[in-house]
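The chain contents come next:
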Amino acid sequence: MKPAAALAVLCLPLTLGAGAAARPGAITVGTAMALGNWVTAVRSHTLGGRDAAVAAVSELTFDKRRELNPGMSLFLSVLLGKSVVTSTDAAKHIVELARDARQSPGAVPFLERAAMLHSDAAMQGVIDDVRPAAPANGPPSDASAPPLLSHRRLFIDKDGEILGEVNSDWNWPFARSLIDLVSAKPSDDPFVGAWYHATTAFMLQKGLYGEAVTHLERAAAVLPDEARALFDRASYSEIQGLPVNQVLLSDEDILALKTQRSGRRPLRLIANHAGELGISPAEVANAAAERLYRLALRMDPLLVEARVRLARLLEVRKRPEEAATELTTALAAKPTGAVLFYAHLFAGRAAQALGRIDEAAAHYRDAAVLFPGAQSALLAQSQAALLGADVPAALDPIHRMDAPAPAAEARDDPWWKYQLGAGRDADALLREMWARIH
Amino acid sequence: MTRRLAVALIAAALLLSGPIHALQKQSFSSGTLGVRVDVLVTDGRNPVAGLTAPDFELRDNGVLQTIDLVDSFDLPINAVLALDTSASIQGKRQADLIAASQALLDGLKPVDRAALTTFSHAVSQRIALTSDLPAVRRELLRIEPSGETAIMDGAYVALTATLAQTGRSLVVVCTDGYDTSSWLEPDEVLESAKRSSAVIYAVTAAAPRRHSPLKDLADATGGQMLQVTSSADLRGAFQKILQDFRSRYILSYSPQGVPSDGLHRLDVRVKRRGLTVKARSTYIGVAPATPHR
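Looking at the overall build of chain A
Part 1 of the reasoning: Regarding its fold elements, chain A presents 22 helices and 2 strands.
Part 2 of the reasoning: Taken as a whole, chain A presents about 18,700 Å² of accessible surface, with 55% of it coming from carbon and sulfur.

Okay, structure coming up:
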């Protein structure tokens with residue numbers, strides 16, 4: 001058994017709210033029944049599945065969660081071995097439930113399964129496009145709100161346009177609060193790292209940037225030196241700097257954000273909700289991503305994708321010689337698949353920037369061999385040939401792109417998935433995490 | 001044949017071939033590559049007709065050139081449509097886009113050709129340059145919007161359709177959004193545009209919240225970016241583009257006092273006051289080839 005519980009109890013007031021735990025009198029029969037249903041859901045949930053447990057959690061309205069909250073604090077206190085004094089039958093029932101769970105399957109396995117249930121529920125909600133209900137009235141919760149009762153508004157966007165707002169999913173902060181209790185030293189717990197990496201990958205795969213930002217803030221706090229967590233944070237920053245996010249900012253937004261960062265007074269209010277979107281100008285996002293990729297590589301020099309992505313940033317930041325050096329190192333590590341494709345594509349662009357057109361063309365050819373239908377590699381080949389004034393060679397890759405439009409959309413081009421970061425592998429990472437618990 | 005020779009010959013064909021009728025003297029001579037510059041002169045919003053070669057001043061890398069005016073009336077037009085077919089185009093926008101494209105095709109003559117490129121995140125060269133305009137019309141009706149937006153990739157592929165083609169090339173790029181997924185960077189497409197003789201017109205229905213690289217492309221090739229506020233205005237915009245394109249002057253000259261190859265800065269002016277000139281600002285020259293022995 002992991003030595004988690006004793007120290008984790010010390011975290012409890014921070015994560016669950018001391019007030020709720022100290023007022024067992026607020027626990028009602030309804031609270032005890034809701035808590036009992038929740039325990040049943042945790043115990044019965046098939047990891048990664050869409051089952052009755054996920055449905056039960058998804059149906060928890062804000063009012064039901066408010067009723068559940070004091071019982072949850074009591075339950076978790078007892079689960080982690082803390083002594084409590086109870087006076088009502090409802091509270092005593094919850095204590096019994098917690099003692100049973102502590103005995104079997106044990107505090108840590110129960111917490112892990114509970115965290116998985118709530119992350120599964122959050123992910124299923126995204127897949128089904130069903131958002132959790134928010135309270136009918138009142139402003140978004142602040143940082144001191146119990147995780148069960150947290151709610152924020154998030155922007156949703158598609159292809160460069162803001163489509164509207166949705167409720168954040170309380171399952172994520174609640175799952176994180178459960179993960180916080182799993183281990184006294186999360187950085188030493190492989191499950192914690194795997195959970196953050198897999199769930200972040202899912203968020204990036206689905207473009208849940210509003211959820212990802214708070215997720216990664218917590219990951220940074222509990223796993224400050226973990227290479228994958230650093231990689232995920234770097235990816236997030238890099239993705240913010242990509243056109244798919246930058247186009248949400250207006251020229252006025254960028255000017256205002258830069259003015260704010262330089263410490264000067266903004267000339268006008270930020271337009272287009274840039275502040276709420278939480279998107280930094282590309283230069284700022286790219287600088288943060290570069291720093292984080294370098295930290296990730298310091299922790300794990302064999303993290304080849306971090307090096308390849310770092311090289312792309314260096315090229316974007318007009319340092320093609322440094323980019324070329326990093327890519328030489330990355331290619332020497334013999335990456336495969338999409339990472340090798342990216343390495344050749346970026347090495348080609350770096351070589352092109354350095355005036356080495358033949359070298360660029362060779363890299364683009366290698367990329368096109370790996371993914372023969374990849375539009376990006378064919379366009380890169382064509383453009384390099386045109387720069388070399390070789391019109392026939394510029395036209396040949398374009399002719400190889402010829403395909404009816406539906407087939408064109410089905411091309412296997414890793415560049416189209418670049419903005420997913422670790423989300424490219426989200427499905428595999430989630431399967432790996434679920435297998436870890438089984 | 002060396003590659004360089006091939007390129008030079010293609011460039012020469014691009015610039016010299018076709019039924020060019022000189023209004024004044026024919027300036028091209030054997031062994032010398034001519035340069036042809038498409039110029040639009042407007043008075044306010046209206047094209048100005050009736051100008052002659054002496055009305056223009058053209059400087060190539062700062063050196064005043066002797067120019068001829070070529071009659072563009074019978075020169076065939078290569079009209080390449082590059083249409084945004086990302087998911088946001090669905091519905092009325094799609095119908096308006098197709099109607100606008102049909103209107104542009106209606107304005108073409110039998111000697112003209114058209115091509116159709118569409119782009120979401122995926123670029124598809126649906127119809128290569130053809131005089132079979134009904135085929136282009138039929139393909140327009142097969143558009144099924146989906147996906148994200150790769151404007152630069154789409155513009156580049158459209159530009160390549162004009163490479164090594166005779167006649168005058170017009171590329172019309174139409175989008176309702178911003179680029180979210182191109183591999184090619186705007187400066188790379190700009191560099192490519194300098195290597196083609198096409199004039200790019202951009203039509204955008206996107207909310208004008210950011211500077212669009214399409215404007216740079218249009219400016220660099222002597223074209224124009226038109227902003228429409230509603231897709232219903234696309235038809236008028238497309239018709240105006242063709243009308244403007246037909247009203248353009250074609251200046252030709254053999255560069256004197258400047259090296260043949262490399263980047264050339266062009267400065268075209270009219271001597272009459274109050275008129276606006278739009279012409280490409282640069283071109284990439286190719287040195288005359290020495291036949292391989």
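With respect to the overall build of chain B
Part 1 of the reasoning: Regarding its fold elements, chain B presents 7 helices and 16 strands.
Part 2 of the reasoning: Counting only residues that meet the buried cut, chain B has 58% of its 293 residues in that class.
Part 3 of the reasoning: In chain B, of all internal contacts separated by at least 6 residues, the share reaching a separation of at least 24 is 78%.
Part 4 of the reasoning: A total of about 11,600 Å² of accessible surface is found on chain B, and carbon and sulfur atoms cover 51% of it.

Things to note about the packing of helix 2 (residues 29-44) of chain A against helix 4 (residues 62-79) of chain A
Residues and elements named next belong to chain A.
Part 1 of the reasoning: Closest axis-to-axis distance for the helix 2/helix 4 pair is 8 Å, and the angle between their directions is 65 degrees. Here helix 2 is positioned roughly perpendicular relative to helix 4, judged by the angle of their axes. The interaxial crossing formed by helix 2 with helix 4 has right-handed handedness. Where helix 2 abuts helix 4, its residues G30, T31, A34, L35, W38 and V39 lie against E67, L68, G71, M72 and F75.
Part 2 of the reasoning: Each residue belonging to the contact of helix 2 with helix 4 can be placed in one class, and the counts come to 7 nonpolar, 3 polar and 1 charged.

Digging into the pattern of salt bridges
All names here are of chain A.
Part 1 of the reasoning: Taken as a whole and judged by the stated rule, the model has 36 salt bridges over all chains.
Part 2 of the reasoning: The partner of D188 in a salt bridge is K185, with the nearest N and O atoms 3.4 Å apart. Neither residue differs from the other here; D188 and K185 are each classed as exposed.
Part 3 of the reasoning: Two residues, E238 and R312, come together in a salt bridge whose shortest N-O distance is 2.8 Å. One end of the pair, E238, is in helix 10 (residues 227-241); the other, R312, is in helix 15 (residues 304-316), with 74 residues separating them in the sequence.
Part 4 of the reasoning: Via salt bridges that share partners, E290, R294, R307, R317, R319, E322 and E326 belong to a single interconnected network.

Some remarks on the sheet that holds strand 4 (residues 56-60) of chain B
Residues and elements named next belong to chain B.
Part 1 of the reasoning: As summarised here, the arrangement of the 4 strands in space is 5-4-14-16, forming an open sheet in which the pairing is antiparallel. Single-partner strands in this sheet number two, and they are strand 5 (63-64) and strand 16 (282-285).
Part 2 of the reasoning: Sheet topology places strand 4 next to strand 5; 2 bridges connect them, and they run antiparallel. Note on strand 5: the bridge partner recorded for R59 is L64.

Remarks on the side chain of S181 of chain B
Part 1 of the reasoning: Checked against the element boundaries, S181 of chain B lands in the loop between strand 10 (168-175) and helix 5 (186-194).
Part 2 of the reasoning: Residue S181 of chain B is classed as buried on the basis of its relative accessible area of 7%.
Part 3 of the reasoning: Not counting residues within four places of it along the chain, the set of residues in contact with S181 of chain B comprises W415 of chain A together with H121, E148, T149, A150 and D153 of chain B.

A word on the nonpolar core
Part 1 of the reasoning: In this structure, L35, W38, F75, V308, L345 and F346 of chain A together with V173 of chain B are the most contacted members of the largest nonpolar core, which totals 158 residues.
Part 2 of the reasoning: Residue contributions to this core peak at 12 residues, all from helix 6 (residues 107-128) of chain A.
Part 3 of the reasoning: Filtering out sequence-adjacent residues up to four positions away, F346 of chain A remains in contact with V308, R312, L327, W415 and Y418 of chain A together with W183 of chain B.
Part 4 of the reasoning: L40, I98, I143 and I241 of chain B belong to the second largest nonpolar core, which has 33 residues in total.

A few points about the sheet that holds strand 12 (residues 224-227) of chain B
Residue and element names in this part refer to chain B.
Part 1 of the reasoning: Sheet architecture is open: 6 strands sit in the order 9-8-7-10-11-12, paired in mixed fashion. Either end of the sheet is taken by a strand with one partner, and the two such strands are strand 9 (123-130) and strand 12. Neighbouring strand axes in the sheet, compared pairwise and without regard to direction, differ in orientation by 15 degrees on average.
Part 2 of the reasoning: As judged from the 5 bridges shared by strand 8 (residues 113-119) and strand 9, these two strands associate in the antiparallel manner. For T118, the partnering residue across the bridge sits in strand 9 and is S124.

Topic: the pairing of strand 4 of chain B
All names here are of chain B.
Part 1 of the reasoning: Of the two faces of strand 4, only one is covered, namely that formed by F56, L58 and D60; the face formed by E57 and R59 stays uncovered.
Part 2 of the reasoning: Direction of pairing for strand 4 relative to strand 14 (residues 262-270): antiparallel, over a ladder of 5 bridges. Residue pairing across strands places L58 opposite V268, the latter belonging to strand 14.
Part 3 of the reasoning: Connecting the antiparallel pair strand 4 and strand 5 is a turn made up of 2 residues, with N61 showing a positive phi of about 50 degrees.

Let's talk about the side chain of E226 of chain A
All names here are of chain A.
Part 1 of the reasoning: With respect to the helices and strands, E226 occurs in the loop between helix 9 (209-222) and helix 10.
Part 2 of the reasoning: Classification of E226 as buried rests on a relative accessible area of 17%.
Part 3 of the reasoning: A distance of 2.9 Å separates polar atoms of two side chains, one belonging to E226 and the other to R228.

Focus: the interface of chain A and chain B
Part 1 of the reasoning: Listed per partner, the contact involves 43 residues of chain A and 36 residues of chain B.
Part 2 of the reasoning: Here chain A meets chain B over a buried area of about 3,600 Å², counting both sides, of which 53% is carbon and sulfur.
Part 3 of the reasoning: Where chain A packs against chain B, one counts 2 salt bridges.
Part 4 of the reasoning: A salt bridge links E188 of chain B to R349 of chain A, with the shortest nitrogen-to-oxygen separation between them at 2.6 Å.
Part 5 of the reasoning: In terms of residue count, helix 19 (residues 375-387) of chain A provides more of the side of chain A that touches chain B than any other element does, 8 residues in total.

A word on the confidence of the model for chain B
Residues and elements named next belong to chain B.
Part 1 of the reasoning: Confidence in the prediction for chain B averages 85 pLDDT; 86% of positions are at 70 or higher.
Part 2 of the reasoning: Low confidence marks residues 1-32, where pLDDT is under 50. Its contacts with residues over four positions away, or in another chain, come to 68 contacts.
Part 3 of the reasoning: Overall fold confidence (pTM) sits at 0.86, and the ipTM for the predicted complex is 0.86.

Conventions and cut-offs
Residues numbered from 1 in each chain as written. Chains lettered and ligands numbered in written order. Predicted model: local features only at pLDDT ≥ 70, side-chain atom pairs only at ≥ 80, totals over all residues. Heavy atoms only, no water. Helix = DSSP H or I, 4+ residues; strand = E, 2+ residues; numbered from the N terminus. Areas by Shrake-Rupley, 256 points an atom, 1.4 Å probe, with all protein chains shown as cover. Buried < 20%, exposed > 50% of the residue type's maximum accessible area, 1.4 Å probe, protein only. Contact = heavy atoms within 4.5 Å. Axes fitted to C-alpha atoms, helices over the stretch in contact; angles between N-to-C directions. Parallel < 35°, antiparallel > 145°, perpendicular 65-115°, else oblique. Left-handed = near helix turned anticlockwise from the far one by under 90°. Nonpolar A, V, L, I, M, F, W, Y, C, P; charged D, E, K, R; others polar. Salt bridge = Lys/Arg side-chain N within 4 Å of Asp/Glu carboxyl O. Pairing = 2+ DSSP bridges. Core = buried A, V, L, I, M, F, W, Y, C linked by side-chain atoms within 4.5 Å. Polar contact = N/O pair within 3.5 Å; in protein donor to acceptor, adjacent residues only side chain to side chain. Buried area = accessible area lost by both parts, 1.4 Å probe. pLDDT = per-residue confidence, 0-100.

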